[in-house]
Amino acid sequence: LAKTTQPISMDSYEGQEVNITCSHNNIATNDYITWYQQFPSQGPRFIIQGYKTKVTNEVASLFIPADRKSSTLSLPRVSLSDTAVYYCLVGDINNDMRFGAGTRLTVKP
Amino acid sequence: DTEVTQTPKHLVMGMTNKKSLKCEQHMGHRAMYWYKQKAKKPPELMFVYSYEKLSINESVPSRFSPECPNSSLLNLHLHALQPEDSALYLCASSQNEGGQEQETQYFGPGTRLLVL
């Protein structure tokens, strides 16, 4: 399983765009990149998944460069309710999902 | 219905007790998971069930015993736990369709366990 590295924490202000980068240097050909969000005392929640280039949904965008050794989760115009831990995961079809340390995002007013 | 439910929400038990955690989903998912999460740490995978059969056991001590009675239910039986086993226990499920991508897992709210 590819190991992921993310910043431990980030601070932002309401209304700003937040970009969280994840490094996964040993990503395998079949691996997908998935991001989850977790609020305190709740289970993680799926945000977005991608394989290459760019993926966008109603919540976030995911940018993946051609070499796929990193990825960036972009949260547009964050609000206080986006304060959470964000996990980047890399893996394939096997149901063996390992969470990295995650990034603790704090959005300030 | 995209909900995974877990009971109880909170559990306090002594080291000699036997208790069970329960997880249920009605999304027709055929893969179910148990994770353990300590405070300020990421979730750690414990067990994976695929089509009601145990497919992954992450070298979890035998005092944790999983059971999958049917495709909708997942139990975790606890016996002779230690105080260091106190944590949030999360259940999750996914479709297990065998597609190319990593499947989305849907998590329950967890059971917060305290072992005295």
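Note: the structure precedes this text.
Residues numbered from 1 in each chain as written. Chains lettered and ligands numbered in written order. Predicted model: local features only at pLDDT ≥ 70, side-chain atom pairs only at ≥ 80, totals over all residues. Heavy atoms only, no water.

Engineer: Hey, could you run me through the interface of chain B and chain A in this one?
Structural biologist: Each partner contributes to the interface: chain B provides 26 residues, whereas chain A provides 25 residues. At the boundary of chain B with chain A, total buried surface from both sides reaches about 2000 Å², with 49% on carbon and sulfur atoms. The three residues of chain B that bury the most area against chain A are B:Pro42, B:Gln102 and B:Phe107, which together make up 30% of that side's buried surface. The interface formed by chain B and chain A includes zero salt bridges. Seen at the junction of chain B and chain A, the total is four residue pairs in polar contact (both at pLDDT 80 or more). (Contact = heavy atoms within 4.5 Å. Buried area = accessible area lost by both parts, 1.4 Å probe. Salt bridge = Lys/Arg side-chain N within 4 Å of Asp/Glu carboxyl O. Polar contact = N/O pair within 3.5 Å; in protein donor to acceptor, adjacent residues only side chain to side chain.)

Engineer: In this structure, what is going on with the pattern of salt bridges? I would like to understand it.
Structural biologist: It is possible for side chains of opposite charge to pair when their charged atoms get near one another. Residues and elements named next belong to chain B. Applying the stated rule across the entire model yields four salt bridges over all chains. A salt bridge links Lys36 to Asp85, with the nearest nitrogen and oxygen atoms 3.9 Å apart. Linking Lys36 in strand β4 (residues 31-37) with Asp85 in the loop between β8 (73-79) and β9 (87-94), this pair joins segments that are 49 residues apart in sequence. Residue class for Lys36 comes out buried when judged on its relative accessible area of 16%. Asp85 sits in the buried class, given a relative accessible area of 2%. Residues joined in a network through salt bridges with shared partners are Lys36, Arg63 and Asp85. (Helix = DSSP H or I, 4+ residues; strand = E, 2+ residues; numbered from the N terminus. Buried < 20%, exposed > 50% of the residue type's maximum accessible area, 1.4 Å probe, protein only.)

Engineer: Looking at this model, I keep getting lost on the packing of aromatic side chains. Mind explaining?
Structural biologist: Each pair of aromatic rings is reported with the distance of its centres and the angle of its planes. A full pass over the atoms with the stated rule returns 10 aromatic pairs over all chains. Between B:Tyr35 and B:Phe107 the ring centres are 5.3 Å apart and the planes differ by 45°, which places this aromatic pair in the tilted class. With B:Tyr35 in strand β4 and B:Phe107 in strand β10 (residues 106-107), this pair connects stretches of sequence that are 72 residues apart. No difference in accessibility class separates B:Tyr35 from B:Phe107, as the two residues are buried. With a centroid separation of 5.8 Å and 35° between ring planes, the pair formed by B:Phe64 and B:Tyr89 is classed as tilted. Of this pair, B:Phe64 sits in strand β7 (residues 64-70) while B:Tyr89 is found in strand β9, placing the two residues 25 residues apart along the sequence. The burial state of B:Phe64 is the same as that of B:Tyr89; both residues are buried. Among the aromatic side chains, those forming a connected cluster through ring pairs are A:Tyr36, A:Phe46, A:Tyr87, A:Phe99, B:Tyr33, B:Tyr35 and B:Phe107. (Phe/Tyr/Trp six-rings, centres within 6.5 Å; stacked < 30°, edge-to-face > 60°.)

Engineer: Mind showing me how you'd approach the sheet that holds strand β7 (residues 70-75) of chain A here?
Structural biologist: Paired through their backbone hydrogen bonds, the strands of a sheet run either parallel or antiparallel. Residue and element names in this part refer to chain A. The strand order across the open sheet built from four strands is β2-β7-β6-β5, with neighbouring strands paired in antiparallel fashion. Looking at which strands have only one partner, the edges of the open sheet turn out to be β2 (18-23) and β5 (53-56). Across this sheet, the average inter-strand angle for adjacent strands is 15°, counted without regard to direction. (Pairing = 2+ DSSP bridges. Axes fitted to C-alpha atoms, helices over the stretch in contact; angles between N-to-C directions.)

Engineer: What exactly am I supposed to notice about the layout of surface pockets here?
Structural biologist: Where empty space is left in the structure can be found by rolling a water-sized probe over the atoms. Residues and elements named next belong to chain A. Looking at the largest pocket, its volume works out to about 480 Å³. Every element with two or more residues in the lining of the largest pocket is listed here: β8 (84-91) and β9 (103-108). Residues of the lining of the largest pocket, tallied by class, amount to nine nonpolar, seven polar and five charged. (1 Å grid on protein atoms, 1.4 Å probe; cavity = no way out; pocket = protein on both sides within 12 Å on 5 of 7 lines; lining within 4 Å. Points joined across faces, edges and corners; volume = space filled by probe spheres on them. Nonpolar A, V, L, I, M, F, W, Y, C, P; charged D, E, K, R; others polar.)

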